[in-house]
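# Results of the structural survey
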Amino acid sequence: MSTASSLAITIAGIHMKNPVIAASGTFGFGKEYSSLVDLNKIGAIITKGTSLEPWVGNPPERIAETAAGMLNSIGLQNDGIENLINEKLPWLSQFDVPVIVNIVGHTIEEYAKVAQRLSETDSVAGLEINISCPNVKHGCIAFGVEPRMTFEVVNAVRKATHLPIIPKLSPNVADIVAIAHAAVDAGADAISLINTLIGTSINAETRTFRLANITGGLSGPAIKPIALRMVWEVAKAVDVPVIGVGGIMTAEDAVEFMLAGASAIQVGTANFVYPNAMIEIIEGLEAYLSRHGFGHISEIVGIVQSPQC
Ligand SMILES: Cc1cc2nc3c(=O)[nH]c(=O)nc-3n(C[C@H](O)[C@H](O)[C@H](O)COP(=O)(O)O)c2cc1C
């Protein structure tokens, strides 16, 4: 088997050259990275979260570094769906890479309208549904923290589009498996997890919070053990593919997620640190397969062994 085909996969009907995907919000719409990273080489691009109307996001400061990652409170700033369709998607379509649009909304109706509008285009391979957004009609609690609200938003998107749908789970819950089941019951074709964990940061010298929003989303190596555990739990429990994300910086991290049950992985914060991280991960996955005598990447999915008692 050639090296290229040893990494090729299909998830939710989306064909990818390899299982390495740019995570939403950390790769923009690819443009800023296009002189640094060969976009034709990566498995897929998940765009920054896009809403029906433009969102202004949160005031600065919106980013804080932590010991093993970062906090962000961007507030899902974006230029809205029409700008995506008229400017970003046409630019992205020059590349041979599937584009998955990450969609956000304040209400179920907003999510459904964005999904329906994207179904009218021919340059979108699938939709990742960010269910970490606050539900303004339900006390501004994130959709993804309750199975019922998860079901409702995913179900509304399912009815609004023929495109593959990939709900992206929030880790800020007690029982991630219950949320995953709700997403699958509502028609998910695959599941992504995890989104960021809620954290904060304080400057001791000024005695102030570092983020204007006080709290932000923690990402990077600090969250990898949590993400890995959740991917393992969900992959065992559902019968749709799982896409792992959270603190993946190296090929070894990516392999760990796949051993835990992820069929593909996303790279987020690592893109800020090493713009070429995804390319190095792809090369590292090829090297891992040949070093261990595997013919295809799917052979390592979910094969982690439990320790013997
Ligand atoms: C600056 C920044 C912006 C993000 N924006 C989005 C977003 O728009 N939609 C979304 O679903 N996730 C968003 N995320 C979450 C990432 O896609 C990813 O789930 C998370 O950062 C964990 O992966 P990582 O540790 O590899 O960064 C964002 C993360 C960061 C750091």
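Figured I'd write up the structure that's included with this text.

Criteria and cut-off values
Residues numbered from 1 in each chain as written. Predicted model: local features only at pLDDT ≥ 70, side-chain atom pairs only at ≥ 80, totals over all residues. Heavy atoms only, no water. Buried < 20%, exposed > 50% of the residue type's maximum accessible area, 1.4 Å probe, protein only. Helix = DSSP H or I, 4+ residues; strand = E, 2+ residues; numbered from the N terminus. Pairing = 2+ DSSP bridges. 1 Å grid on protein atoms, 1.4 Å probe; cavity = no way out; pocket = protein on both sides within 12 Å on 5 of 7 lines; lining within 4 Å. Points joined across faces, edges and corners; volume = space filled by probe spheres on them. Near = heavy atom within 4 Å. Polar contact = N/O pair within 3.5 Å; in protein donor to acceptor, adjacent residues only side chain to side chain. Areas by Shrake-Rupley, 256 points an atom, 1.4 Å probe, with all protein chains shown as cover. Nonpolar A, V, L, I, M, F, W, Y, C, P; charged D, E, K, R; others polar. Axes fitted to C-alpha atoms, helices over the stretch in contact; angles between N-to-C directions. Expected span 1.5 Å × (residues − 1). Arc of directions from axis to C-beta. Contact = heavy atoms within 4.5 Å. Core = buried A, V, L, I, M, F, W, Y, C linked by side-chain atoms within 4.5 Å. Salt bridge = Lys/Arg side-chain N within 4 Å of Asp/Glu carboxyl O.

Burial of strand β13 (residues 197-200) is one-sided: the residues Leu-197 and Gly-199 facing one way are buried, the residues Ile-198 and Thr-200 facing the other way are not. Relative to strand β16 (residues 215-219), β13 is paired through four bridges, and the arrangement is antiparallel. Paired with Leu-197 across the bridge in β16 is Leu-218.

Its volume calculated, the second largest pocket comes out at about 170 Å³. What lines the second largest pocket is simply Gly-28, Phe-29, Lys-31, Glu-32, Lys-48, Asn-83, Glu-87, Lys-88, Trp-91 and Leu-92.

As a matter of local geometry, the ligand sits amid 23 residues, with Ser-24, Lys-168, Gly-220, Gly-247 and Thr-269 nearest to it. Ile-194 is positioned with one of its backbone polar atoms (N or O) 3.1 Å from an oxygen atom of the ligand. For the ligand, whose free accessible area comes to 610 Å², the fraction covered by protein is 97%. Residue composition of the shell around the ligand, by class: seven nonpolar, 15 polar and one charged.

As a further point, take the sheet that holds β13. On the basis of which strands lie adjacent, the open sheet formed by four strands has the order β5-β6-β16-β13 and antiparallel pairing. Strands at the two margins of the open sheet, each flanked by one partner only, are β5 (63-66) and β13. Taken pair by pair, the neighbouring strands of this sheet meet at an average axis angle of 40 degrees, ignoring direction.

An ideal rise of 1.5 Å per residue puts 20 Å on 14 residues; helix α6 (residues 224-237) measures up with 20 Å between its terminal C-alpha atoms. Along α6, the residues classified as buried are Lys-224, Ala-227, Leu-228, Met-230, Val-231 and Val-234. One side of α6 holds all its buried residues, which, seen down the axis, span an arc of 165 degrees. The outward face of α6, more than 90 degrees from its buried face, is lined by the exposed residues Pro-225 and Lys-236. Packing partners of the buried residues in α6 comprise α5 (176-185), β12 (191-193), β17 (242-245) and α7 (251-259).

This paragraph deals with unusual backbone geometry. Residue Glu-61 is bonded to the preceding Pro-60 through a cis peptide linkage, with omega at 0 degrees. Note on placement: Glu-61 falls in the loop between β4 (44-46) and β5. In this structure, Ile-194 follows Leu-193 across a cis peptide bond, with omega equal to 15 degrees. Relative to the helices and strands, Ile-194 resides in the loop between β12 and β13. At Ala-12, a position not held by glycine, the phi torsion is positive, near 55 degrees. Overall, the relative accessible area of 18% leaves Ala-12 in the buried class.

Next up on the list: the nonpolar core. Grouped together as the largest cluster of nonpolar side chains are 100 residues, with contacts concentrated most on Ile-42, Ile-103, Leu-118, Leu-127, Leu-193 and Ile-265. Top element by residues in this core is helix α9 (residues 277-292). It accounts for eight residues. In this structure Leu-127 touches Ile-100, Val-101, Ile-103, Ala-115, Leu-118, Val-157, Thr-161, Leu-163, Pro-164, Ile-165 and Ile-166, once residues within four positions along its chain are discounted.

Pairing is possible between side chains of opposite charge, provided their charged atoms come close. What the rule picks out here adds up to eleven salt bridges. We note a salt bridge from Glu-120 to Arg-117, for which the minimum N-O separation is 2.8 Å. When its relative accessible area of 49% is taken as the criterion, Glu-120 is described as partly exposed. Note that Glu-233 and Arg-229 form a salt bridge whose closest N and O atoms lie 3.2 Å from each other. Taken together, the residues span about one helical turn, with Glu-233 and Arg-229 both in helix α6 at a distance of four residues. Taking relative accessible area as the criterion, Glu-233 reaches 24% and is therefore assigned partly exposed. The class for Arg-229 is partly exposed, based on a relative accessible area of 37%.

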